[in-house]
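Breakdown of the fold
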Amino acid sequence: MNYNKKTVKDVDVKGKKVLLRCDFNVPQDKATGAITDDKRIVAALPTIQYLLDNGAAVIACSHLGKPKEGPDPKLSLAPVAGRLAELLGKPVIMAADVVGPDATAKAAALKPGEIMLLENTRFEKGETKNDPELAKKMASMAEVYVSDAFGAVHRAHASTAGVADYLPAVSGFLIQKELEIIGGALADPKRPLVAILGGSKVSSKIGVINNLLEIADTIIIGGGMAYTFSAAEGGKVGDSLLEADWEDYSKEMVAKAKAKGVKLLLPVDTVIADAFAPDANHKVVASGEIPDGWQGLDIGPETVKLYCDAVKDAGTVIWNGPMGVFEFPAFAVGTKAVAEALANTNAITIIGGGDSAAAVQQLGYADKMTHISTGGGASLEFMEGKELPGVACLLDK
Ligand SMILES: Nc1ncnc2c1ncn2[C@@H]1O[C@H](COP(=O)(O)OP(=O)(O)O)[C@@H](O)[C@H]1O
Ligand SMILES: O=C(OP(=O)(O)O)[C@H](O)COP(=O)(O)O
């Protein structure tokens, strides 16, 4: 795939309306909705500032979460508009819809040097289906399309790829920087190369293991993904996260790792809880021995030792997805220990994923990592060598 794409510097944006796709899918406090980590907003600032300084009228857009049934007030981008306005030191006009009457009127009235934010693109059903009608409507509000949504470039959606069929499409500075840094670290990686996978987006991430087995020396599995492997081996997982459809696949991955001589490490013990809550009763059990009514929310202490030992002498570490529900202090131990182990290695450390980045930030280890990517799934798919639809759709240099 050709990553040498035109950037905002290769087009004239003066006096033009620019549709700017960002990844403002930020972590939020489950109870209050407050933004808990604004890294993705901060990361978009250089492109936004460049566009505003060069006389563009910026129509920013993004998805947030996974709304299923159209507009959901809990997933409004309004809090993001508020934070963006603070960071830019200027008003951000918030639209009440994506391509409806409010958005189109506000876009039509937008002046050079002004910025507005469309409502959550996934409030439109056509977004994730990459509906050309929706893409056309979005494109009709602008004259140039700029994508800087690195975290979403692995999605072929209307706002991440479809609009490029209707407008000259170029990349922003964030996408450029991410491709350069991650691509550089993995072109000829310092070995051993260790990949750590966790988190809760099991079905969207478990598939990368097959390709990671081609490049990694060790693969470590934690977080919600571990229970699918455990169940596949006949273990009891109680009420833990489980993707039963992926059990056969996980068995295949264990066999493939063995055949290729790649170390595939799975938890040997797990911290279980009697509810998904910060104050739930909890205890440690061996993997595969989780009673009904209990769920695994963190890796156990023996696993922590095993995993920390496995990264000690790594040359490069790619980490995507927390080891447990780190938002609850009682289940943050595994994630914290792995973050600390990475902070103390000489390895090149690349952290991917909104929540993984937030975890490293909250735990105070952000400065100790080589690169904290704004993309989780996106950085994984890039490292696997898959085509990224959100980059492929941009104009070649
Ligand atoms: N065992 C588990 N059970 C349920 N959720 C988990 C478990 N381990 C981690 N998580 C959750 O996974 C979420 C992050 O997953 P994911 O979105 O895949 O990561 P990232 O955003 O870093 O790519 C966190 O909110 C965390 O609470
Ligand atoms: O948070 C994101 O991905 P990540 O959790 O893999 O980092 C991106 O915003 C993509 O979101 P999506 O996985 O709902 O398409």
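Everything below is about the structure shown above.
In short, a report on the structure.

What counts, and at which threshold
- Residues numbered from 1 in each chain as written.
- Chains lettered and ligands numbered in written order.
- Predicted model: local features only at pLDDT ≥ 70, side-chain atom pairs only at ≥ 80, totals over all residues.
- Heavy atoms only, no water.
- Buried < 20%, exposed > 50% of the residue type's maximum accessible area, 1.4 Å probe, protein only.
- Helix = DSSP H or I, 4+ residues; strand = E, 2+ residues; numbered from the N terminus.
- Pairing = 2+ DSSP bridges.
- Salt bridge = Lys/Arg side-chain N within 4 Å of Asp/Glu carboxyl O.
- Near = heavy atom within 4 Å.
- Polar contact = N/O pair within 3.5 Å; in protein donor to acceptor, adjacent residues only side chain to side chain.
- Areas by Shrake-Rupley, 256 points an atom, 1.4 Å probe, with all protein chains shown as cover.
- Nonpolar A, V, L, I, M, F, W, Y, C, P; charged D, E, K, R; others polar.
- Phe/Tyr/Trp six-rings, centres within 6.5 Å; stacked < 30°, edge-to-face > 60°.
- Axes fitted to C-alpha atoms, helices over the stretch in contact; angles between N-to-C directions.
- Left-handed = near helix turned anticlockwise from the far one by under 90°.
- Contact = heavy atoms within 4.5 Å.

Let's shift gears to the pairing of strand 7 (residues 193-197). The element strand 7 is extensively covered by neighbouring structure, given that five of its five residues are classed as buried. Taking every second residue as pointing to the same face, both faces of strand 7 are buried, with L193, A195 and L197 on one and V194 and I196 on the other. Pairing analysis gives four bridges linking strand 7 to strand 8 (residues 218-221), with the strands arranged parallel. Within strand 8, the position partnered with V194 by the bridge is T218.

This next bit is on the pattern of salt bridges. In this structure the tally under the stated criterion is 14 salt bridges. In this structure, D38 and R83 form a salt bridge, with 2.8 Å as the shortest nitrogen-oxygen distance. With D38 in the loop between strand 1 (17-21) and helix 1 (39-53) and R83 in helix 2 (residues 78-88), this residue pair connects regions lying 45 residues apart in the sequence. In this structure, the salt-bridge partner of K136 is E133, at a minimum N-O distance of 3.8 Å. Of this pair, K136 and E133 both sit in helix 4 (residues 132-140), three residues apart, roughly one helical turn. Within this structure, D38, R83 and E86 form a network of salt bridges that share partners.

Taken together, 21 residues lie around ligand 1, and S200, K205, E327, D355 and S356 are the ones closest in. In this structure, K205 approaches ligand 1 through a side-chain N or O atom, which is 2.4 Å from an oxygen atom. Take E327: an N or O atom from its side chain is 2.5 Å from an oxygen atom of ligand 1. Here ligand 1 loses 92% of its free accessible area of 580 Å² to cover by the protein chains.

Among the 15 residues in the neighbourhood of ligand 2, the closest are listed as K66, R122, R155, K201 and G377. In this structure, an oxygen atom belonging to ligand 2 sits 2.9 Å away from a side-chain N or O atom of R40. A distance of 2.6 Å is found between an oxygen atom of ligand 2 and a side-chain nitrogen or oxygen belonging to K201. In isolation ligand 2 exposes 390 Å². Once the protein is present, 96% of that is buried. Taken together, the residues of the shell around ligand 2 sort by class into no nonpolar, eight polar and seven charged.

What follows deals with the packing of aromatic side chains. Following the criterion strictly, the structure yields four aromatic pairs and no others. Their ring planes at 65 degrees and their centres at 5.3 Å tell us that F276 and F328 sit as a pair that is edge-to-face. Note that F276 is positioned in the loop between strand 11 (269-273) and strand 12 (282-286) and F328 in the loop between strand 15 (316-320) and helix 11 (333-343), a separation of 52 residues in sequence.

Moving on, we come to the packing of helix 1 against helix 2. Orientation of helix 1 relative to helix 2, taken along the N-to-C sense of each, is 60 degrees, at an axis distance of 11 Å. The handedness of the crossing between helix 1 and helix 2 comes out as right-handed. Note on element contacts: helix 2 touches helix 1 through V80, R83, L84, L87 and L88, opposite I41, V42, L45, I48, Q49 and L52. Among the residues making up the contact of helix 1 with helix 2, the classes are represented as nine nonpolar, one polar and one charged.

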